[in-house]
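Here are the chains, one letter per residue:
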Protein chains: 2
Amino acid sequence: MTKRIGLFGFGVVGQGYFQIAKKQKEKWIPDTIVVKDQKKRRPSDIKFSYHAQDVFDKNPDYILELISNTEEAYEYVTEALKRGITVISANKKLLSAHLPELISLQKVFGGKLLYEAAVAAGIPVITTLETHFEEDTIVSIEGILNGSSNYILSRIFNNGLSFDEALRMAQQKGFAESDPSFDISGSDVASKLNILILHAFGKFVGEEQIATFGIQNLGEDEIALAKSLGLKIKLIAKAEKDYRGISAYIIPTLVEESNLFYGVENEYNAVKINSEHLQDQFYQGKGAGSLPTGAAVYGDLVKARNGFSYNYSKVNFDKPLDEKLLNLGIKVLVKCRSEEIIENNIFSTEFIERVDGFYFAVGKVKPKSLNKLNELKEVSLIALPDYLSAEDILHELKEIQKSGELI
Amino acid sequence: MTKRIGLFGFGVVGQGYFQIAKKQKEKWIPDTIVVKDQKKRRPSDIKFSYHAQDVFDKNPDYILELISNTEEAYEYVTEALKRGITVISANKKLLSAHLPELISLQKVFGGKLLYEAAVAAGIPVITTLETHFEEDTIVSIEGILNGSSNYILSRIFNNGLSFDEALRMAQQKGFAESDPSFDISGSDVASKLNILILHAFGKFVGEEQIATFGIQNLGEDEIALAKSLGLKIKLIAKAEKDYRGISAYIIPTLVEESNLFYGVENEYNAVKINSEHLQDQFYQGKGAGSLPTGAAVYGDLVKARNGFSYNYSKVNFDKPLDEKLLNLGIKVLVKCRSEEIIENNIFSTEFIERVDGFYFAVGKVKPKSLNKLNELKEVSLIALPDYLSAEDILHELKEIQKSGELI
C-alpha cells in the first residue's frame, strides 16, 4: 500500500528520517520535501520544493513536520489536521505552545498527531504513557531531557573541563547550537516537561508557568562542592501530583551514586515514572542525534499505519485543560554576588556565608522565583537531596575554601 | 461498553489484577473466575467457579489466563483463540513452549493474544519491541529477567549474606518459591528470553536450545573474587544477532560499575536493547509483585480494547520460524572439584589452578555445554567482561587465598 507523504524540513531529523526510510521494507519516501533556504547546499539526487502548498496539493496521507520555526509549523500542522491528515511532528516548541488546540483539531476533524520524537528523541516515553500507563495513576515523572546540557555536565564531571570548555566541545560535536541558550537555560526542557505533564496528568500548564533554572551560571565552586561530596550535578526536570495539585520545575540538582540519573551521561536522556500500580520505571536512551530521532519519526509513521493514536485518556474534556501549578519550596544551595537577592528570594534560610566575594546560602526557593532568577547573571542555584544537611554543605564549602579550590 | 471477562487463576497476579480493576474507571471485573483448589481459603465476597467450561459458557469478550499449569493453560488458551476470543496471558512457560502455534491460531481465527506481564512484569518490553522497534533492526537484547535470583544476588553483594541466607530471605519475602529451582537455575529466564527472541528477531529457537547456567552453585570464592575486583555478579540473559545467525545464553556475569545492570537491585528487572537506528535503550522496573504484574495484565486489556495487537512484523511467515542457535565460545571463570570437567568442557584455557580442593580455570565454554554443566553439583561458571584478563583473575584469586577468604 503506497502512502503519499509530505515532508517539511530537511535538517538533522529530516535527514535521519530520509536515511532510514530509504533502507526499509516500506520505503516511505516523501513525494514532496519542502525546505526554506533556497541557497543552502543540498543533495542533488533529491528534489526539493520551496512552497508549503506543494505538499497539500499532492493530497498526502501523512505529513512529517520536522522544522524548527514554530509559527510556520503551526500553520502547516493546523492546516493538515483541519484536512484530517495524520501528522508526525518533532517540534516540541510548537506542541508545548499549542497542544490543547492541536488536540481539539484531532477530535473535530479526525486527523491524528503523533510526536514521540519531540521528547527524549528515541525513548518511547509518550507512547508508553499513552498505552502502558493509560489507566495507571502517575505520581511523578522526572527526567534528563536535554542532551546538550547533559553532555556539558558529563564533560565537566568526567573529564575535568570547565563549563566554557565543555560548552565549546558540545558545539564542536554538534550537540549544542552556536546560540546554545535554549538548551542550557532550561527552556528546551520546559517545552518537553510541559508536553509530558499533559500525557502524565491530563493537564495543560504552559511552559511559561514551569519554574525553570538552567546550568548557564554553574561555577567552579558548586562543581568543586559536588565533586568533594562524591556527587554529580544533573539538569533534572520533575513534575509530581498529589491531592493538592501538580508541581513542576527544572533545576540543576545534586545527585548521589544510587540515583538512577547519576549514570546518564553525554547526549543520553532518561525518564523515571512513578505510578500507583506499575510503580517505578526508568527508561534511558539517546536523546539526540539524526538516526535515533529520525527513527522515532519513522516509528510514529509505523504506529499510525497500524491505527495507533494518542487517546489522551487522562484528559477530562468536560473541564478546562488548564491548571495552575503549586508553588512549594525547593531546598537549594544558592550562590550570588548580592545578599539582597538571597533575602528577597530564599526563605527558611539555614545559613548565609561569604566566601571570596560570593554569598552562599542554603534555604528554600519558591518555584515562582526561579524564572526571574534564571535571567540574572552570576546567580547559581542547585537543588539539594533531602539527606544532605546545611551543615555538611557549609563544612565542605569551608574545606574547599581552605584548600584554595574556590575561585 | 461492558465487556464480559473470564479469569483463570486467582494467585498473586490474578489478585493483583482484581485489586486494580476494582479501582478503575472501567471496572473490568470478571464474570467468572475459575480456580482449581476447592479447599483453599479465598475471599468470601467473590464467587469462584471450578469448571473451565463456565468461562466459555458465558461467551466472554476477553479471557485472562493467569495460572501456572502449562498444560491446562494450553487447553484454555487454544480453545479461546479458536473461538476468536482475545486472551491476555502472563504464562511464560506456556508462551515459550507454544508461541508458533499460538501465533498461527491468532492468524487463522482472528483472536488476539497479548502477554506483556509474562516477561519482566511491569516493563513494557514486548509492546515496545512490537511498536517502537517494529521497523528497526535489533542487534542485541539483554536483560535481568528473574526477580528472585536478582534479589538473592543483591542480598549477597549489598548485605554480605551467604547464598543460603539470601535464598531463605527471598523465600520469606515471597520472591522465591519453596522450590526455587526454576528461578535460580535460569529455567524461568530461558522461557522469557525465548519469547523476547521471537519479538526481537522473528525466530523461534525453543528454550531447551538456549544455553542456560544458573546461580545455584555460586560459592563464597567467586563472590569474594567479584567483591575484591569491585564488581558484582548478575544473572544476565543475552541474545544477539549478526550475519552468522543468533546466539543466546543465560549465565551469571561479572559486571562493572559502568554497566547499566550493576545498579539493578532486588526484585527489579531490566532490559537493554541495541538496534540499528534507535541505538541503545535501557528499561528498568519491577520484575515481580502482585500490583506491577497485575497492572501489566490490566494494561494489555486496555491496549486490546484500543485495537492493539502484536504484528509479529519481524517474522517471515513464508519461512519456518525455527532457528538453530550459534555455538560461539563464552569467556568464563569455572570452578569445580574435577579437572576432567574442565578438560572436557573448557577450551582456549588460559590457566588451571588448584586452590583448597577446587580447580579454577579461565577459558571458553561452548553454549551447548552449558545446559549439561548446569545439572552438575559444585560446578560454578561466571562469564567475564572482555577487559578482565586471566592474569588479573589469577592474581586476585591468589590474594584471596593468602588472606584466607576462600573456604
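A quick note: this is a predicted structure, and the numbers were derived from the prediction, not measured.

## Considering the interface of chain B and chain A
Alright, step 1. Of the residues lining the interface, 39 residues belong to chain B; the matching set on chain A comes to 39 residues.
Alright, step 2. Taken together, both faces of the contact between chain B and chain A bury some 3400 Å²; the carbon and sulfur share is 47%.
Alright, step 3. Of all residues in chain B, His132(B), Glu135(B) and His277(B) bury the most surface against chain A, accounting for 20% of the area lost on that side.
Alright, step 4. Our enumeration of links across chain B and chain A arrives at 4 salt bridges.
Alright, step 5. Residue Glu276(B) is joined to Lys23(A) by a salt bridge in which the shortest nitrogen-to-oxygen separation is 2.6 Å.
Alright, step 6. For the interface between chain B and chain A, the tally reads 24 residue pairs in polar contact (both at pLDDT 80 or more).

## Quick word on the pattern of salt bridges
Where side chains of opposite charge bring their charged atoms close, a pairing between them can arise.
Alright, step 1. Under the counting rule described, the total for this entry stands at 38 salt bridges over all chains.
Alright, step 2. Taking the shortest distance from any N to any O, the salt bridge between Arg305(B) and Glu134(A) comes out at 3.2 Å. Residue Arg305(B) is found in helix α11 (residues 290-305), and its partner Glu134(A) is found in the loop between α5 (125-130) and β6 (138-144); the two belong to separate chains.
Alright, step 3. Using a relative accessible area of 24% as the deciding quantity, one classes Arg305(B) as partly exposed.
Alright, step 4. In this structure, the salt-bridge partner of Arg4(B) is Asp61(B), at a minimum N-O distance of 3.2 Å.

## A few points about unusual backbone geometry
Alright, step 1. One non-glycine residue with positive phi stands out, namely Glu378(A), at about 65°.
Alright, step 2. Mapped onto the elements of the fold, Glu378(A) is located in the loop between α13 (367-373) and β15 (380-383).
Alright, step 3. Unlike most non-glycine residues, Ala121(B) shows phi in positive territory, near 40°.
Alright, step 4. Considering the arrangement of structural elements, one finds Ala121(B) in the loop between β5 (113-114) and α5 (125-130).

## As for helix α10 (residues 220-228) of chain B
Alright, step 1. The complete set of buried residues in α10(B) reads Asp221(B), Glu222(B), Ile223(B), Ala224(B), Leu225(B) and Ala226(B).
Alright, step 2. One or two positions beyond α10(B), positive phi appears at Gly230(B), with a value near 75°.

## Describing the sheet that holds strand β3 (residues 62-65) of chain A
Residue and element names in this part refer to chain A.
Alright, step 1. Read from one edge to the other, the open sheet built from 5 strands follows the order β2-β1-β3-β4-β5, with strand pairing classed as parallel. A strand with exactly one partner marks an edge of an open sheet, and here the two such strands are β2 (32-34) and β5 (113-114).
Alright, step 2. Here strand β1 (residues 5-8) runs beside β2; their pairing, made up of 3 bridges, is parallel. Directly across from Phe8, in β2, lies its bridge partner Val34.

## Brief notes about the packing of α10(B) against helix α14 (residues 390-402) of chain B
Residue and element names in this part refer to chain B.
Alright, step 1. Interhelical geometry of α10 versus α14 gives an angle of 110° and a closest axis separation of 10 Å. Accordingly, the angle class assigned to the pair α10 and α14 is roughly perpendicular. Handedness of the crossing formed by α10 with α14: right-handed. Across the interface between the two elements, Ala224, Leu225 and Ser228 from α10 touch Ile393, Glu396, Leu397 and Ile400 from α14.
Alright, step 2. Here the residues of the contact of α10 with α14 are counted per class, giving 5 nonpolar, 1 polar and 1 charged.

## Observations concerning the relation of the copies chain B and chain A
Alright, step 1. Overlaying chain B with chain A gives an RMSD of 0.0 Å, the required rotation being 180° about an axis along which the chain moves by 0.0 Å. Expressed as a symmetry operation, the mapping of one chain copy onto the other fits a two-fold axis. Looking at the rotation axis and the C-alpha trace of chain B, the residue lying nearest is Tyr283(B), at 2.2 Å.
Alright, step 2. An overlap of 100% is found between the interface residues of chain B and their copies at the interface of chain A, pointing to a shared contact surface.

## Comments concerning the packing of aromatic side chains
Alright, step 1. Throughout the structure, instances matching the rule amount to 22 aromatic pairs over all chains.
Alright, step 2. With a centroid separation of 5.2 Å and an interplanar angle of 70°, the aromatic rings of Phe10(A) and Phe48(A) are classed as edge-to-face. Remark: Phe48(A) occurs in the loop between β2 and α2 (52-57) and Phe10(A) occurs in the loop between β1 and α1 (12-23); sequence separation between them is 38 residues. One exposure class covers both Phe10(A) and Phe48(A), and it is buried.
Alright, step 3. By way of ring pairs, the aromatic residues Tyr115(A), Phe308(A), Tyr310(A) and Tyr312(A) are connected into one cluster.
Alright, step 4. We note Arg155(A) situated over the ring of Tyr151(A); from NZ or CZ to the ring centre the distance is 5.2 Å.
Alright, step 5. Residue placement shows Arg337(B) over the ring face of Phe358(B); its charged tip is 4.0 Å from the ring centre.

## Comments concerning the domain arrangement of chain A
All names here are of chain A.
Alright, step 1. When the domains of chain A are assigned, the result is domain 1 (5-114), domain 2 (125-286) and domain 3 (330-402).
Alright, step 2. Computed from C-alpha atoms alone, the centre-to-centre distance between domain 2 and domain 3 is 20 Å.
Alright, step 3. The interface is formed by 26 residues belonging to domain 2 together with 27 residues belonging to domain 3.
Alright, step 4. Taken together, the connections running from domain 2 to domain 3 amount to 2 salt bridges.
Alright, step 5. Of the charged contacts, one joins Glu222 and Lys335 as a salt bridge, the two residues approaching to 3.1 Å between their closest N and O atoms.
Alright, step 6. In this assembly, domain 2 and domain 3 are joined by 15 residue pairs in polar contact (both at pLDDT 80 or more).
Alright, step 7. Top contributing element to the side of domain 2 that touches domain 3 by residue count: strand β9 (residues 245-255), with 6 residues.
Alright, step 8. Taken together, the residues of the side of domain 2 that touches domain 3 sort by class into 14 nonpolar, 8 polar and 4 charged.

## Observations regarding the sheet that holds strand β1 (residues 5-8) of chain B
Residues and elements named next belong to chain B.
Alright, step 1. Taken in spatial order, the 5 strands of this open sheet run β2-β1-β3-β4-β5, and their pairing is parallel. The outermost strands of the open sheet, each flanked by one partner alone, are β2 (32-34) and β5.
Alright, step 2. Sheet contacts for α11: β1, β3 (62-65), β4 (86-89) and β5; angle to β3, the most-contacted strand, approximately 155°.

## Remarks on the UniProt feature "domain: Homoserine dehydrogenase catalytic" (unreviewed entry) in chain A
Alright, step 1. Here the UniProt-annotated "domain: Homoserine dehydrogenase catalytic" (unreviewed entry) positions come out as residues 124-302 of chain A.
Alright, step 2. Secondary structure over residues 124-302 of chain A splits into 39% helix and 26% strand, and the C-alpha atoms at its two ends are 13 Å apart.

## Considering the UniProt feature "domain: Aspartate/homoserine dehydrogenase NAD-binding" (unreviewed entry) in chain A
Alright, step 1. UniProt records the feature "domain: Aspartate/homoserine dehydrogenase NAD-binding" (unreviewed entry) for residues 9-116 of chain A in the present numbering.
Alright, step 2. Between the first and last C-alpha atoms of residues 9-116 of chain A the distance is 17 Å; the span itself is 45% helix and 12% strand.

## Thoughts on the nonpolar core
Soluble, globular proteins show a tendency: their nonpolar side chains are buried together.
Alright, step 1. One finds Val125(A) and Val125(B) to be the most contacted residues of the largest nonpolar core, which totals 244 residues.
Alright, step 2. Setting aside chain neighbours within four positions, we find Val125(B) in contact with Glu116(B), Val119(B), Ala120(B), Ile141(B), Leu196(B), Val271(B) and Ile273(B).

## Focus on the environment of Lys39(B)
Alright, step 1. Along the chain, Lys39(B) falls in the loop between β2 and α2 (52-57).
Alright, step 2. Distance from Lys39(B) to Gly160(B), taken between C-alpha atoms, is 41 Å for residues 121 residues apart in sequence.

## What to know about α14(B)
Residues and elements named next belong to chain B.
Alright, step 1. Helix length check: α14 (13 residues) gives 18 Å between terminal C-alpha atoms against 18 Å at 1.5 Å per residue, within 8%.
Alright, step 2. Within α14, burial applies to Ala390, Ile393, Leu394, Glu396, Leu397 and Ile400. Mapping the buried residues of α14 onto a view down its axis gives an arc of 165°, with all of them on the same face. Exposed residues lying more than 90 degrees from the buried face of α14 are Glu391 and Lys402.
Alright, step 3. Along its buried surface, α14 packs onto α10, β12 (330-336), β13 (346-355) and β14 (358-365).
Alright, step 4. Positioned one or two residues after α14, Gly404 has a phi angle of 75°, which is positive.

## Here we look at the environment of Leu376(A)
All names here are of chain A.
Alright, step 1. Relative to the elements of secondary structure, Leu376 occurs in the loop between α13 and β15.
Alright, step 2. Overall, the relative accessible area of 35% leaves Leu376 in the partly exposed class.
Alright, step 3. Discounting residues that sit within four places of it in the chain, Leu376 has contacts with Asn217 and Ile341.

## Looking at the pairing of β9(A)
Each regular strand carries side chains that alternate between the two faces of the sheet.
All names here are of chain A.
Alright, step 1. Burial runs high along β9: 11 of the 11 residues are buried.
Alright, step 2. As judged from the 2 bridges shared by strand β7 (residues 211-212) and β9, these two strands associate in the parallel manner. From the neighbouring strand, Ala211 faces β9, where its bridge partner is Tyr249.
Alright, step 3. Remark: 2 residues form the turn of the hairpin made by strand β8 (residues 232-242) and β9, two consecutive strands paired antiparallel.

The rules behind the values
- Residue indices begin from 1 for each chain and proceed along its sequence in written order.
- For naming, the first written chain is A and the first written ligand is 1, with later ones following in the order written.
- Totals for whole chains, interfaces and linings use every residue, but because this is a predicted model, local features are given only for residues with pLDDT of at least 70 and side-chain atom pairs only at 80 or more, for both listing and counting.
- The basis for every side-chain value is the complete set of heavy atoms in the structure, and neither hydrogens nor water enter the calculation.
- Contacts are assigned to residue pairs that have any heavy atoms within 4.5 Å of one another.
- By convention, the term buried area covers the 1.4 Å-probe accessible surface removed from two parts as they join, with the contributions of both added.
- Any Lys or Arg side-chain nitrogen located within 4 Å of an Asp or Glu carboxyl oxygen qualifies as a salt bridge.
- N or O atoms closer than or at 3.5 Å make up a polar contact, with two conditions inside protein: a donor-capable atom paired with an acceptor-capable one, and, for residues adjacent in sequence, both atoms drawn from side chains.
- Only DSSP runs of H or I with at least four residues qualify as helices, and only runs of E with at least two residues qualify as strands; both kinds are numbered from the N terminus onward.
- Only protein chains enter the calculation, and the probe is 1.4 Å; a residue is then buried if its accessible area is under 20% of its type maximum, exposed if over 50%, and partly exposed in between.
- Pairing between two strands is assigned when DSSP locates at least 2 bridges connecting them.
- Orientation is described by lines fitted to C-alpha atoms, with helices fitted over the stretch in contact, and by angles between N-to-C directions that extend from 0 to 180 degrees.
- Note on terminology: angles under 35 degrees are roughly parallel, angles over 145 are roughly antiparallel, angles of 65 to 115 are roughly perpendicular, and the others are oblique.
- Crossing chirality is assigned from the near helix's rotation relative to the far helix, an anticlockwise turn below a right angle marking it left-handed and a clockwise turn marking it right-handed.
- Residues are grouped as follows: Ala, Val, Leu, Ile, Met, Phe, Trp, Tyr, Cys and Pro are nonpolar; Asp, Glu, Lys and Arg are charged; every other residue, Gly included, is polar.
- Superposing copies: least-squares fit, C-alpha atoms only, residues required to have pLDDT of at least 70 in both.
- A pair of aromatic rings is counted whenever rings of Phe, Tyr or Trp (Trp by its six-membered ring) have centres within 6.5 Å, and the orientation is called stacked for planes under 30 degrees apart, edge-to-face for over 60 and tilted otherwise.
- Only when the NZ of Lys or the CZ of Arg is both within 6 Å of the ring centre and within 35 degrees of the ring normal is a charge said to sit over the ring.
- Just so you know, the domain bounds were taken from an automatic or database domain assignment.
- UniProt positions are given in the numbering used here, feature names are shortened, and annotations may be inferred rather than shown by experiment.
- Throughout this description, the term nonpolar core refers to a set of buried Ala, Val, Leu, Ile, Met, Phe, Trp, Tyr and Cys residues connected via side-chain atoms within 4.5 Å.
- A helix is expected to span 1.5 Å multiplied by its residue count minus one.
- Think of it as the arc spanned by the lines of direction from the helix axis to the C-beta atoms.

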